[in-house]
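Report on the structure
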Amino acid sequence: MTTTDLPGEGRNQDETGASGSGAAHYGEPVAGNARTKWTESSRHVLPEDALVDAPALAREAAKILRRNDMGGWTKAAPGLYPHQWSWDSAFIAIGLAHLDTRRAAQELETLFAHQWKTGKVPHIVFNQDAPPESYFPGPEHWACAAASPDAPPAPPYTSCLSQPPVHAIAALRIREAARLGGEEEVSSAQAFLKGIYPGLLAWHRYLLTYRDPEESGLVTIYHPWGSGTDNSPRWDEPLEAVEVGDVDPYPRYDLQYVGSPSQRPTNAEYDRYIWLMNLVKCAHRCDEVAIYESHPFLVKDVLTSAILVAANEALLEIAGLVEAREEDRALIADWMARGRRGLEECWDPELGLCLDYDLRADRPLRVRTVAGFAPLIAGGLSPGRIGDLLKTLDSSAFLGHRGLRWALPPSTSPEDPRFNPRSYWRGPTWPVFNWLLWWTLVRAGEDERAERLRGIALEQLAVRGFGEYFDPFTGQLLGSSDQSWTAAVALDWLAEGPVSKARPAP
Ligand code: 2M8
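Residues numbered from 1 in each chain as written. Predicted model: local features only at pLDDT ≥ 70, side-chain atom pairs only at ≥ 80, totals over all residues. Heavy atoms only, no water.

1. Some points on the sheet that holds strand β9 (residues 357–358)
Pairing within the open sheet is antiparallel, and its 4 strands lie in the order β5-β6-β9-β10. Strands at the two margins of the open sheet, each flanked by one partner only, are β5 (219–221) and β10 (363–364). Relative to β10, β9 runs antiparallel, the two being bridged by 2 bridges. Along β10, the bridge assignment pairs Tyr357 with Pro364. (Pairing = 2+ DSSP bridges. Helix = DSSP H or I, 4+ residues; strand = E, 2+ residues; numbered from the N terminus.)

Given below as structure tokens:
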């Protein structure tokens, strides 16, 4: 692969309108909690000085989701990610809920149709129709995982890794959105919740058993892809400790979709990803116990663990709505408490952040990234701990850093020596993380901050487009354009109501 024919940096790569199956028929965006009629005139990227034109932005976001719709599921991005990714689908369902609650429910149902017997929801369900040279490692590289006695029927093939469990949060949001529709929509959402509840419970149980045999409340990942924040400097130390053996030459198809290779993980990082993937699927045959015993990369991931606590809170509410057994509810409440205790033990008072823990090296990973705000996401904090976290958020390590184009949190602190403003999860701002933080602030009762964040995050998208991630200093769109989960979170933000002009952080 050469870089000579790459699209220009920051350009939306799918201007040809590469489409899915064309099977998307869901309705018009809903804004401000009221069904609204939208006109068809819209701009793809608004001029630099534009205020947020909410209807235009919502139309644009809906258009992206329709274009990436594959008929029952949505590809994560038009070119770079032609398959169904687990946590992308959850965020996509949150956005779709404002267009069509039934289609939103279907997004989760198609994913959960490929749940493993252990309860695991695979990190990718592969699209059998994607051209073989569109994504590496594609279905053929995971085909052997189907031989596991725990694997779902194949094809389609699935990976045997997982991603953060946003799904219960999405399922509940679909129910909330359905309440704005008629009685029929509510009862269809209720049927959906009833149908998906056992799958959600099994999924959380998997994470709290196979991935937490220590009963610490914290989820262990055995591959950086399992964190969703693939090349975050959080994983540098444990990755450096992995002795990489022979890896056959492999293609970097991903690089054809981005403006510059520097926006994606390096070849050295990919060698490690592929080596670890081969160990998981070949040496350990996707066997969770074998992986836990001898895999060289085992890390307690605080962001995944915190999302699991928040998802358990949603699941508890769903359990009530579907009149689940009392034992289930007690179990879920216990999982939440255990998760919050586990996160509290990972608190680093000096950094004012929560840290991941390397089980192999038996030490915390001292890196300043947005994952450190995990306790805020998990909720249930004392006012003191909320204050500690907000102080870090406002400090020069994050929102208070001079020179940020928008007061949005860089994925890695610009004050961390491993910060890189243009490389994937090593510094750029991610709309999907901004959504998580916003949602968290709303739940914490920090309404003013949440509202400020929503306004600024939407302004970024209005000015720069629905990018995968952005340079925190120049604001340039990086990675893929027309990223589905970005469009989805924009729809959810817009459904909150009118956007006041974004104000700078205090
Ligand atoms: C990115 O990860 C994939 C591997 O899973 C990749 O780089 O090829 C991550 O940002 C991940 O969190 C996301 O789910 C996926 C699809 O958007 O892309």
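2. Points about the packing of helix α1 (residues 54–67) against helix α16 (residues 484–494)
Packing of α1 against α16 leaves a shortest axis separation of 9 Å and a crossing angle of 145°. Between α1 and α16 the crossing geometry is left-handed. Packed against α1, whose contacting residues are Ala54, Leu57, Ala58, Ala61, Ala62, Ile64 and Leu65, the element α16 presents Ser484, Ala487, Ala488, Leu491 and Leu494 at the interface. Residues belonging to the contact of α1 with α16 are distributed by class as follows: 11 nonpolar, 1 polar and no charged. (Axes fitted to C-alpha atoms, helices over the stretch in contact; angles between N-to-C directions. Left-handed = near helix turned anticlockwise from the far one by under 90°. Contact = heavy atoms within 4.5 Å. Nonpolar A, V, L, I, M, F, W, Y, C, P; charged D, E, K, R; others polar.)

3. With respect to empty space enclosed by the protein
One pass over the full model with this rule turns up 9 cavities of 30 Å³ or more. Approximately 210 Å³ is the volume found for the largest cavity. Lining the largest cavity are 19 residues, and of these Tyr81, Trp85, Gln163, Asp230 and Tyr424 lie nearest its centre. In terms of residue class, the lining of the largest cavity is built from 11 nonpolar, 4 polar and 4 charged. Looking at the second largest cavity, its volume works out to about 100 Å³. In terms of lining residues, the second largest cavity is bounded by 11 residues, among which Leu399, Ala407, Arg449, Arg452 and Leu453 are the most central. Counting residues per element, the ones that place at least two in the lining of the second largest cavity are α13 (383–394), α14 (431–443) and α15 (447–464). Ranked by residue count, the leading element in the lining of the second largest cavity is α15, at 4 residues. Residue composition of the lining of the second largest cavity, grouped by class: 8 nonpolar, no polar and 3 charged. (1 Å grid on protein atoms, 1.4 Å probe; cavity = no way out; pocket = protein on both sides within 12 Å on 5 of 7 lines; lining within 4 Å. Points joined across faces, edges and corners; volume = space filled by probe spheres on them.)

4. A look at the site of the ligand
Neighbouring the ligand are 17 residues, the closest being Asp88, Tyr135, Gly228, Asp230 and Tyr424. The side chain of Trp85 places a nitrogen or oxygen atom 2.9 Å from an oxygen atom of the ligand. Within the side chain of Trp87, an N or O atom sits 3.0 Å from an oxygen atom of the ligand. Out of a free accessible area of 410 Å², the ligand has 100% covered by protein chains. Under a 2 Å grid-point criterion requiring more than half of the atoms, the pocket assigned to the ligand is the largest cavity. Residues that form the shell around the ligand fall into these classes: 10 nonpolar, 4 polar and 3 charged. (Near = heavy atom within 4 Å. Polar contact = N/O pair within 3.5 Å; in protein donor to acceptor, adjacent residues only side chain to side chain. Areas by Shrake-Rupley, 256 points an atom, 1.4 Å probe, with all protein chains shown as cover. Sits in = over half its atoms within 2 Å of the grid points.)

5. A look at the confidence of the model for the chain
For the chain, per-residue confidence averages 91 on the pLDDT scale, and residues scoring 70 or more make up 89% of the total. Note on residues 33–50: pLDDT under 50 across the span, and 43 contacts to partners over four residues away in sequence or across chains. (pLDDT = per-residue confidence, 0-100.)

6. Considerations on the pattern of salt bridges
A complete count under the given rule lists 35 salt bridges for this structure. A salt bridge links Arg252 to Asp254; its shortest N-O distance comes to 2.9 Å. Residue Asp254 pairs with Arg264 through a salt bridge whose shortest N-O separation is 2.7 Å. Here Asp254, found in the loop between α7 (236–240) and α8 (267–283), pairs with Arg264, found in the loop between α7 and α8; they are 10 residues apart in sequence, far enough to count as distant. With respect to burial, Asp254 and Arg264 carry one shared label: buried. One continuous salt-bridge network, built from bridges that share partners, spans Asp236, Glu240, Glu269, Arg418 and Arg426. (Salt bridge = Lys/Arg side-chain N within 4 Å of Asp/Glu carboxyl O. Buried < 20%, exposed > 50% of the residue type's maximum accessible area, 1.4 Å probe, protein only.)

7. Focus: the nonpolar core
In this structure, Phe91, Leu108, Tyr197, Ile318, Leu343 and Trp435 are the most contacted members of the largest nonpolar core, which totals 154 residues. Among the elements that line this core, the one with the most residues is helix α10 (residues 302–321), at 12 residues. Once you skip the residues sitting within four places of it in the chain, Phe91 turns out to touch Val166, Val432, Trp435, Leu436, Trp485, Ala488 and Val489. (Core = buried A, V, L, I, M, F, W, Y, C linked by side-chain atoms within 4.5 Å.)

8. Some thoughts on the packing of α10 against helix α11 (residues 326–345)
Close contact between α10 and α11 brings their axes to 9 Å; oriented N to C, the two are set at 155°. Looking at the two axes, α10 sits roughly antiparallel to α11. Of the two elements, α10 crosses α11, and the hand of that crossing is left-handed. Across from Val302, Ser305, Ala306, Val309, Asn312, Glu313, Leu315, Leu316, Ala319 and Gly320 in α10, the residues of α11 making contact are Arg329, Ile332, Ala333, Trp335, Met336, Gly339, Arg340 and Leu343. Taken together, the residues of the contact of α10 with α11 break down into 11 nonpolar, 4 polar and 3 charged. (Parallel < 35°, antiparallel > 145°, perpendicular 65-115°, else oblique.)

9. Digging into α16
In an α-helix, one turn spans 3.6 residues; hence positions three or four apart end up facing the same way. Here α16 lies mainly inside the structure; 11 of its 11 residues are buried. Every buried residue of α16 is listed here: Ser484, Trp485, Thr486, Ala487, Ala488, Val489, Ala490, Leu491, Asp492, Trp493 and Leu494.

10. Brief notes about the packing of aromatic side chains
Tallied over the entire structure, the rule returns 24 aromatic pairs. Aromatic pair Tyr206 and Tyr210: ring centres 5.5 Å apart, planes at 35°, arrangement tilted. Among the residues examined, Tyr210 registers a relative accessible area of 35% and is labelled partly exposed. Summarising the aromatic geometry, the rings of Trp225 and Tyr273 are spaced 5.5 Å apart at their centres and angled 50° between planes, so their arrangement reads as tilted. In this pair, Trp225 is assigned in the loop between β5 and α7 and Tyr273 in helix α8, connecting sequence segments 48 residues apart. One exposure class covers both Trp225 and Tyr273, and it is buried. Feature note: the residues Trp87, Phe91, Tyr424, Trp425, Trp430, Trp435, Trp438, Trp439, Tyr469, Trp485 and Trp493 constitute an aromatic cluster, connected by ring pairs. Just above the ring of Tyr270 sits the side chain of Arg252; from NZ or CZ to the centre is 3.8 Å. Cation over ring: Arg385 sits above Trp347, and NZ or CZ is 4.0 Å from the ring centre. (Phe/Tyr/Trp six-rings, centres within 6.5 Å; stacked < 30°, edge-to-face > 60°. Lys NZ or Arg CZ within 6 Å of the ring centre and 35° of its normal.)

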